[in-house]
Amino acid sequence: MGDRLKGRSVIVFGAGSSGPGWGNGKAAAVAYAREGARVVCVDSVKDAAQETADIISQEGRDALAIAADVTDLNSIDRAVSEAAAAFGSIDILHNNVGVTHMGGPVELSEEQFNTAVNLNIGSVYRTAKLVIPHMLRQKKGAIINISSLAAVRWTGYPYFAYYAMKAAVNQATVALAMQYARSGIRANCIMPGLMDTPLIYKQISNQYASVEDMVAARNAAVPLGRMGTAWDIANAAVFLASDDAQFITGVCLPVDGGQSCSVSEFS
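Residues numbered from 1 in each chain as written. Predicted model: local features only at pLDDT ≥ 70, side-chain atom pairs only at ≥ 80, totals over all residues. Heavy atoms only, no water.

Among the six residues that make up strand β5 (residues 141-146), six are buried, leaving the element largely enclosed by the rest of the structure. With four bridges connecting them, strand β4 (residues 92-95) and β5 associate as parallel partners. Looking across to β5, one finds that His94 is bridged to Ile144. Assessed by its sense of winding, the connection that carries the chain from β4 through helix α4 (residues 110-138) to β5 is right-handed. As paired elements, β5 and strand β6 (residues 185-192) share six bridges and run parallel to each other. Bridging from a neighbouring strand, Ile144 pairs with Asn188 of β6. (Buried < 20%, exposed > 50% of the residue type's maximum accessible area, 1.4 Å probe, protein only. Helix = DSSP H or I, 4+ residues; strand = E, 2+ residues; numbered from the N terminus. Pairing = 2+ DSSP bridges. Right-handed = clockwise from strand over helix to strand, strands pointing away.)

Most of strand β1 (residues 9-13) sits out of view: five of its five residues are buried. Across five bridges, the pairing between β1 and strand β2 (residues 38-43) is parallel. Along β2, the bridge assignment pairs Val10 with Val39. Taking the sense of rotation as the criterion, the β-α-β connection linking β1, helix α1 (residues 24-34) and β2 turns out right-handed.

Turning our eyes to something else, we now look at the sheet that holds β6. The seven strands are arranged β3-β2-β1-β4-β5-β6-β7 in an open sheet whose pairing can be described as parallel. Single-partner strands in this sheet number two, and they are β3 (63-67) and β7 (252-255). Ignoring strand direction, the axes of neighbouring strands in this sheet form an average angle of 20 degrees. As defined by bridge partners, β1 adjoins β4 across four bridges and the pair is classed as parallel. Of the residues in β4, the one forming a bridge with Val12 is His94. The sheet contacts of helix α3 (residues 73-87) involve β1, β2 and β3, and relative to β3 the element is tilted by about 165 degrees. (Axes fitted to C-alpha atoms, helices over the stretch in contact; angles between N-to-C directions. Contact = heavy atoms within 4.5 Å.)

Turning our eyes to something else, we now look at the side chain of Thr127. Tracing the chain through its elements places Thr127 in helix α4. Judged by relative accessible area, Thr127 falls into the buried class, the value being 0%. At a separation of 2.9 Å, a polar atom in the side chain of Thr127 contacts the main-chain carbonyl oxygen of Ser123. Residues within four places of Thr127 in sequence aside, it is in contact with Phe13, Ile76, Leu93, Asn95 and Ile132. (Polar contact = N/O pair within 3.5 Å; in protein donor to acceptor, adjacent residues only side chain to side chain.)

The backbone phi angle of Lys139 is positive, close to 65 degrees, even though this residue is not glycine. With respect to the helices, strands and loops of the structure, Lys139 is situated in the loop between α4 and β5. For Lys139, a relative accessible area of 66% gives the class exposed.

Remark: the centre distance and the inter-plane angle together describe each pair of aromatic rings, the angle taken between the planes. Inspection of every chain in the model, using the stated rule, returns seven aromatic pairs. With a centroid separation of 5.4 Å and an interplanar angle of 20 degrees, the aromatic rings of Trp154 and Tyr163 are classed as stacked. You can call Trp154 partly exposed: its relative accessible area is 43%. The interplanar angle of 75 degrees and the centroid separation of 6.3 Å between the aromatic rings of Tyr157 and Tyr208 together place this pair among those described as edge-to-face. One end of the pair, Tyr157, is in the loop between β5 and α5 (160-179); the other, Tyr208, is in the loop between α6 (198-203) and α7 (211-221), and 51 residues separate them in sequence. Given a relative accessible area of 3%, Tyr157 falls into the buried group. Ring pairs connect the aromatic residues Trp154, Tyr157, Tyr159, Tyr162, Tyr163 and Tyr208, which therefore count as one cluster. The ring centre of Trp22 lies 4.7 Å from the NZ or CZ of Lys26, which sits over that ring. (Phe/Tyr/Trp six-rings, centres within 6.5 Å; stacked < 30°, edge-to-face > 60°. Lys NZ or Arg CZ within 6 Å of the ring centre and 35° of its normal.)

Moving on, we come to the packing of α1 against helix α8 (residues 230-241). As a packed pair, α1 and α8 sit with axes 8 Å apart at the nearest point and diverge in direction by 45 degrees. As far as their axial angle goes, α8 and α1 are oblique. Seen from above, α1 lies across α8 with right-handed handedness. Facing α1, whose interface residues are Asn24, Ala27, Ala28, Val30, Ala31, Tyr32 and Arg34, α8 presents Ala230, Trp231, Ile233, Ala234, Ala237, Val238 and Ala241. Of the residues contributing to the contact of α1 with α8, the split by class is twelve nonpolar, one polar and one charged. (Parallel < 35°, antiparallel > 145°, perpendicular 65-115°, else oblique. Left-handed = near helix turned anticlockwise from the far one by under 90°. Nonpolar A, V, L, I, M, F, W, Y, C, P; charged D, E, K, R; others polar.)

In structure tokens form, the structure reads like this:
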């Protein structure tokens, strides 16, 4: 427990976990709370958001769970309004929503591609559209977008739409950082590498003969010899949201065990 974010309010989109264990958004929400922040946990599944909020509340911190659809501007508007009413301000916006669809442009259906656009980059647009006005009135704020190492390099998986949309998240973050720098708003993104989170067992494991093969291959591909955890992403997010990073904006930070520096390709 610390106080780097004491007195601040955070809204985390994608604060639930896609399965048992710790997803990136769930860990980030709890990590923010452990540094003193009041946390609004938003997820498309209310029970998932509530689970995260309950963990925070049980640790004696303030949390609120809200169900919202990040592909629906009105749904996000309701969530943002409820968050501001509950805690009085929105100091930190954390975007954690993302989805992978396997396939290149030949294999992907247009529906899958449009879903990837709507979720991976559309969510950043919609949440920024509705949260930034609060930050402008406050003359301060921090935005943390979760991108991916796939934004800047081939990672061995044939997910064309995911590569393209995460690259868009990177540049969108830079655009936000530059446009609003003089307004006291910082924007940075985190590029997770190969992470051991519930999502990979749902969206990635079908690329391997077995779950065990997936885990072994992903561990072997990381220079540090293991996949990262959700807490590695959460700790980086807390740093970027805090005053420890008050002179850092427009950065796309790899949290990847050195994989972005490696000459070997993951396959």
